[in-house]
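# A structural walkthrough
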Amino acid sequence: MGILKFEDFFHPQKDEEYTIITFFDNMIRRDFLDILRRMANGQGCMLCDSVGYNLPEEYDEDDEVKDCIEIWEICGNNEHSYDLSYEQFIEFLEISGKIWLNNNMIRHHFRAINKFDQETIGMFLNSIKKRYLK
């Protein structure tokens, strides 16, 4: 799996990229901090009716996806899902956090970024890293 790089804009080219982008786009449009809190607590969830993520359960040692997080989107009757390694997933969370903070700054007429939100994102990301990057 190659790492999908997207800076401030999303450019999907394949179904799995579209699934990943839809997931993170939905995440930053919803209650981003609450979703990070759930991840830090090891809880999977649906972000909306068609987009969500599953955190791994107990897998056999030989299972290839034991170190991955599955993200998915349901389009009509078709389900697209894609497994991201923890490193990839956390990289996207960090990028999403920057986009979310930037969006909030723009929404609030370029006032200084809320330091509390920035620190909260950092705290949740650190918890997520400790949980998954052992």
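Everything here concerns the structure above.
Residues numbered from 1 in each chain as written. Predicted model: local features only at pLDDT ≥ 70, side-chain atom pairs only at ≥ 80, totals over all residues. Heavy atoms only, no water.

Attention now goes to the packing of aromatic side chains. For the coordinates displayed, the defined rule picks out eight aromatic pairs. Summarising the aromatic geometry, the rings of Phe24 and Phe89 are spaced 5.8 Å apart at their centres and angled 55° between planes, so their arrangement reads as tilted. Here Phe89 lies in helix α3 (residues 86–107) and Phe24 lies in helix α1 (residues 15–29), a separation of 65 residues in the sequence. Considered together, Phe24 and Phe89 belong to a single accessibility category, that of buried residues. With a centroid separation of 4.9 Å and 40° between ring planes, the pair formed by Tyr86 and Tyr132 is classed as tilted. Of the two residues, Tyr86 sits in helix α3 while Tyr132 sits in helix α4 (residues 115–132), which places them 46 residues apart along the sequence. Like Tyr86, the residue Tyr132 is buried in the burial classification. The structure contains a cluster of three or more aromatic residues connected by ring pairs, namely Phe23, Phe24, Tyr53, Phe89 and Phe92. (Phe/Tyr/Trp six-rings, centres within 6.5 Å; stacked < 30°, edge-to-face > 60°. Helix = DSSP H or I, 4+ residues; strand = E, 2+ residues; numbered from the N terminus. Buried < 20%, exposed > 50% of the residue type's maximum accessible area, 1.4 Å probe, protein only.)

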